[in-house]
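Analysis of the macromolecular model
Next come the chains, spelled out residue by residue.
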Amino acid sequence: MKPGKKTLGILTVIVILAVYTACFGLGKDIKGAGDMRFGIDIRGGVEAVFEPVGLDRNPAPNEIEAARNIIETRLDDKNITDREVTTDNEKGYVIVRFPWKSDEKDFKPEAAIAELGDMANLTFRDESGTVMLEGRDISTSRPVEYSDQTGIKKYEVELQFTKDGADKFADATGKLVGRRMGIYMDEELISNPVVQDKITGGSAVINGMESYASAKSLSDKINAGALPYAMETKNFSTISPSLGSNALNIMVFSGVVAFFCICIFMIAMYRLPGMVACFGLILQTSIQLLAISIPQYTLTLPGIAGIILTIGMAVDANIIISERIGEELGNGVSLTEAVKRGYKRAFSSVLDGNLTSAIVAIILMFFGSGTMLSFGYTLLVGLIINLVVGVWFSRTVLLSIIREGRFHDLKWYKVKKNQKIYPIMKRKYIWFAISICMLLAGVLGFMKNGVSLDTQFTGGTTLKYETRGAADVNSDAVAAKVSGETGRNVNVRLTKEDGLGKQFMVLTFAGQEGISPESQEYVTQILNGYQGGFTATLSETYAVQPYMGQKTLHNAVIAMVLAAVLITVYVWIRFSILSGLSAGVSAVIALIHDVLIVLCAFLIFAIPLNDAFVAVVLTIIGYSINDTIVIYDRIRENMNLHKCKNIDELVDTSVSQSLGRSLHTSLTTCISVLILVIASWHFGIQSIFEFSLPLLFGLVSGCFSSICVASVIWAMWKNAHKAESKKR
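Counting restarts for each chain, with residues numbered from 1 along the sequence as it is written. Only residues with pLDDT of at least 70 are given local features in this predicted model, and only at 80 or more are side-chain atom pairs given and counted; all residues enter the totals for whole chains, interfaces and linings. Side-chain measures here rest on the full set of heavy atoms in the structure, leaving out hydrogens and waters.

**Some points on the overall build of the chain**
Note the following rule: Each helix corresponds to a stretch of at least 4 residues labelled H or I by DSSP, and each strand to a stretch of at least 2 residues labelled E; elements are numbered beginning at the N terminus. For this analysis, residues touch if any pair of their heavy atoms sits within 4.5 Å.
Helices and strands together make up the secondary structure of the chain, namely 20 helices and 15 strands. The contacts of the chain with a sequence gap of at least 6 include a subset with a gap of at least 24, amounting to 77%.

**Some points on helix α15 (residues 517-528)**
Threshold: An expected span of 1.5 Å times one less than the residue number is assigned to each helix. Three labels apply to residues, based on accessible area from a 1.4 Å probe with only protein chains included: buried if under 20% of the type maximum, exposed if over 50%, partly exposed otherwise in between.
Here α15 is twelve residues long and its end C-alpha atoms lie 17 Å apart, about the 16 Å a rise of 1.5 Å per residue gives. Restricting attention to buried positions, one finds in α15 the residues Pro517, Gln520, Val523, Thr524, Ile526 and Leu527.

**Observations concerning the environment of Leu591**
Note on placement: Leu591 falls in helix α17 (residues 580-604). Here the alpha-carbon distance between Leu591 and Tyr623, two residues 32 residues apart in the chain, equals 9.7 Å. The residues contacting Leu591, other than those within four sequence positions of it, are Ile567, Ile621, Ser624 and Ile625.

**Comments concerning the side chain of Asp126**
Quick note on the threshold: Under this rule, positive means Lys or Arg and negative means Asp or Glu; His and the chain ends count for nothing. Think of a salt bridge as a Lys or Arg side-chain nitrogen and an Asp or Glu carboxyl oxygen that are within 4 Å of each other.
Tracing the chain through its elements places Asp126 in the loop between β4 (122-125) and β5 (131-134). One buried charged residue, Asp126, forms no salt bridge at all, with the nearest opposite charge on Arg179 at 5.3 Å. In contact with Asp126, not counting residues within four places along its chain, are Met132, Leu176 and Arg180.

**Concerning the packing of helix α14 (residues 475-486) against α15**
To be explicit about the condition: To obtain each axis, a line is fitted to C-alpha atoms, and for helices this fit is confined to the stretch in contact; angles are then taken between N-to-C directions over 0 to 180 degrees. Small angles under 35 degrees read as roughly parallel and large ones over 145 as roughly antiparallel, with 65 to 115 read as roughly perpendicular and the rest as oblique. Two helices cross in a left-handed way if the nearer one is turned anticlockwise from the farther one by less than a right angle. They cross in a right-handed way if the turn is clockwise.
Taken N-terminus to C-terminus, the directions of α14 and α15 make an angle of 135 degrees; their axes are 10 Å apart at the nearest point. With respect to α15, the axis of α14 lies oblique. Classified by chirality, the crossing of α15 by α14 is right-handed. Along its contact with α14, which presents Val478, Lys481, Val482, Glu485 and Thr486, the element α15 presents Tyr522, Val523, Ile526 and Leu527.

**Thoughts on a nonpolar patch on the surface**
Selection criterion: The patches described consist of residues with a relative accessible area above 30% and no salt bridge, like charges being joined within 9 Å and nonpolar side chains (Val, Leu, Ile, Met, Phe, Trp, Tyr) within 5 Å. Working definition of accessibility: Shrake-Rupley area with a 1.4 Å probe, residue cover restricted to the visible protein chains.
Judged by side-chain polarity, Val557, Val561, Val565, Val569, Trp572, Ile573, Leu581 and Trp717 come together as a nonpolar surface patch covering roughly 720 Å² of accessible area. Top element by residues in the nonpolar patch is helix α16 (residues 546-574). It accounts for six residues. Its place among the elements puts Trp717 in helix α20 (residues 686-727).

**Quick word on the packing of aromatic side chains**
Applicable threshold: Stacked, edge-to-face and tilted labels apply to pairs of Phe, Tyr and Trp rings (six-membered ring for Trp) whose centres lie within 6.5 Å, assigned for plane angles under 30 degrees, over 60, and everything in between, in that order.
Under the counting rule described, the total for this entry stands at ten aromatic pairs. On the basis of an interplanar angle of 65 degrees and a centroid distance of 5.7 Å, the ring pair of Phe605 and Phe697 is categorised as edge-to-face. Here the residue Phe605 occupies a position in the loop between α17 and α18 (611-641), and Phe697 occupies one in helix α20, the gap between them amounting to 92 residues. Given a relative accessible area of 41%, Phe605 falls into the partly exposed group.

**Structural notes on the sheet that holds strand β6 (residues 138-147)**
To be explicit about the condition: Strand pairing requires that DSSP identify at least two bridges connecting the strands.
If you trace the three strands from one edge of the open sheet to the other, you get β6-β7-β10, paired in antiparallel fashion. The strands lining the two open edges of the sheet, one partner per strand, are β6 and β10 (203-206). The average undirected angle you get between the axes of adjacent strands in this sheet is 25 degrees. Both β6 and strand β7 (residues 153-161) contribute to a ladder of nine bridges, which runs antiparallel. Bridging across to β7, Ser141 finds its partner in Leu159.

**A look at the environment of Ala477**
Residue placement: Ala477 occurs in helix α14. Between the C-alpha atoms of Ala477 and Tyr530, which are 53 residues apart in sequence, the distance is 9.6 Å.

**Overview of unusual backbone geometry**
Unlike most non-glycine residues, Arg271 shows phi in positive territory, near 60 degrees. When you line up the elements, Arg271 lands in the loop between α7 (241-270) and α8 (272-293). We note that Ala606 has phi near 55 degrees; this positive angle belongs to a residue other than glycine. In this structure, Ala606 sits in the loop between α17 and α18.

**Thoughts on the nonpolar core**
As a rule of thumb, soluble globular proteins bury nonpolar side chains together. Rule in force here: Among buried residues, those of type Ala, Val, Leu, Ile, Met, Phe, Trp, Tyr and Cys that are joined through side-chain atoms within 4.5 Å constitute a nonpolar core.
Judged by nonpolar contacts, the single largest core of 69 residues is most densely connected at Leu618, Ile621, Tyr632, Ile635, Val651 and Trp714. Contributions of two or more residues to this core are made by α10 (335-367), α11 (371-403), α16, α17, α18, α19 (647-682) and α20. Element by element, the count of residues in this core is highest for α18, at 16 residues. Counting 58 residues, the second largest nonpolar core, distinct from the first, contains Ala18, Met251, Ile307 and Ile685.

**Notes on the sheet that holds β4**
One open sheet accounts for four strands, arranged β5-β4-β8-β9; its pairing is antiparallel. Here the strands that pair on one side only, and so sit at the sheet edges, are β5 and β9 (188-191). Neighbour-to-neighbour, the strand axes of the sheet open up by a mean angle of 35 degrees, direction not taken into account. Bridge count for strand β8 (residues 182-185) against β9 is three bridges, and the pairing is antiparallel.

Everything listed here is a matter of coordinates, which is why it stays silent on function.
What follows is the structure, given as structure tokens:
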């Protein structure tokens, strides 16, 4: 598309259309932001992992599928249609997620979870309701498709009975010839065929099915009723709808504030290119929302945090480009040519930075689950859109505006002249001292608070209640009562969330054992019977068995190691002119530095390590390497331009030229994250606070390590290698 007035008009219409569609949707198929599929941490709801009990072996795949069908049927009975039911064939788990209904008032999640896992009760009954056979009398069931003599397709369900079941079935059908035999799942009538003859031989068919799908559905239900085990859960979480809706409102507000703060900064710093960047940011945010709403991808609170983070990172490409344009204008190049050169010379940095961050997002999606999967998806989508909008769209818009002839005055642009060269290498030991001081702060945090793994990794149970009349409640007395009634040690903590004006009571049970829905309901009864005037309403549940936590921790370690390895290989290949291995290793040392700083933040603020730690580490790995690559890209460019420069001068020049971009990008991203920190702290959204606060530390560390660690270590490595070569 050739830049010009017509092109500018077309792109403006595209932006307006994208904004409208993102807000309101188009028809039934293209849904807007109001019809997004939100996760249970926003809408409130239930997530439970059911596992087999009473079985001395791993369930067979057909048994796992039958168990899933039982749960699906019971969800249908409760009219819970907006749900997600998946299976883990390796362990035999069935994972269920469903949100609260918008008008739900008296729903009891503990009772629903317990009922979903009960063994299905399949019965064959006569017309008076007398039970003739049960599920244990059936060995298998399967759908059958065949063609009759006229070529018309017929569908049946074939049944095979056990030895005792065959005798019972023959007796029952002999008594019910010409009458109906009802087949029930629990108390739901799933089929009501007419018995045509007495059936012997241990097999039978149910004919007259409308389609193969209906035959398979009935067969699946019969197999589910013949399942030889029940399902139970001690791994589940519940979140009240009021808690989720408050969090959503706060996150949306944070995103809007972050957007306007970044736009103000970009316009003030880069003028016209900053305005174009904000125009592109509107398009990018709209497309990102559509990429979630159209496929109905589940959006969680960390997913929204991912959108807010990409808003901060989205301007990175525009900052790199604007800085390059300013350099070209400072060198006396014409305006149009400066814009073209700026985009061309910045593209390699933008591409490398987005690809390395995309590696992290893909790993998060592959190894993460639930909330972190949502974060990885929104991050990946944002990076892809950023590569297109941040480069092609903004370039076309800016050139179209320039061709109109109204913005040729250089006051509309930031012109860089007389680049100051900072003695980065001369002060290398100062940088190392700063790093050591930051790490020592983490050591002090470790000595004071120790390191703790969240129940997400270790297993355990945490219950959170919204309370009323708790002014004179003694937490120790409550803990003693609950411990005495349940036989489990428990810690009770009273908290007040000033932003919402609510009081909460948090119960953390000792040990790594989960909790059953029945036990949780019993705890709720104990609290509400504690004293007159005191009420406790369940707000949030988190219960995990140790083996589930170990699996999460194992995946987290693999994800972090894999991300570091893949990024090292990428840098090694892309920056071979810098002696790829030394560049890659130096970058990884800087990444390790950043990971340790993030860990220090968790230790200093006594935040348990959970999947938020994994998400922060992987995000910082991608973000920090992005910064490092920009500096490496400038070193590579200057090596080709100034082959006679020594290594220290090369690094000083390259870092100084990239310093504005690094600081401005970090500032815009930190603005977004800082707003998240303030909002989540003020309104008491613990999950977002525990994610955004360490992320803020990591962003600052990532900027510092790219400027003062990676490039410095690379230069020291090269100088040492050069000195060693001279000795030879």
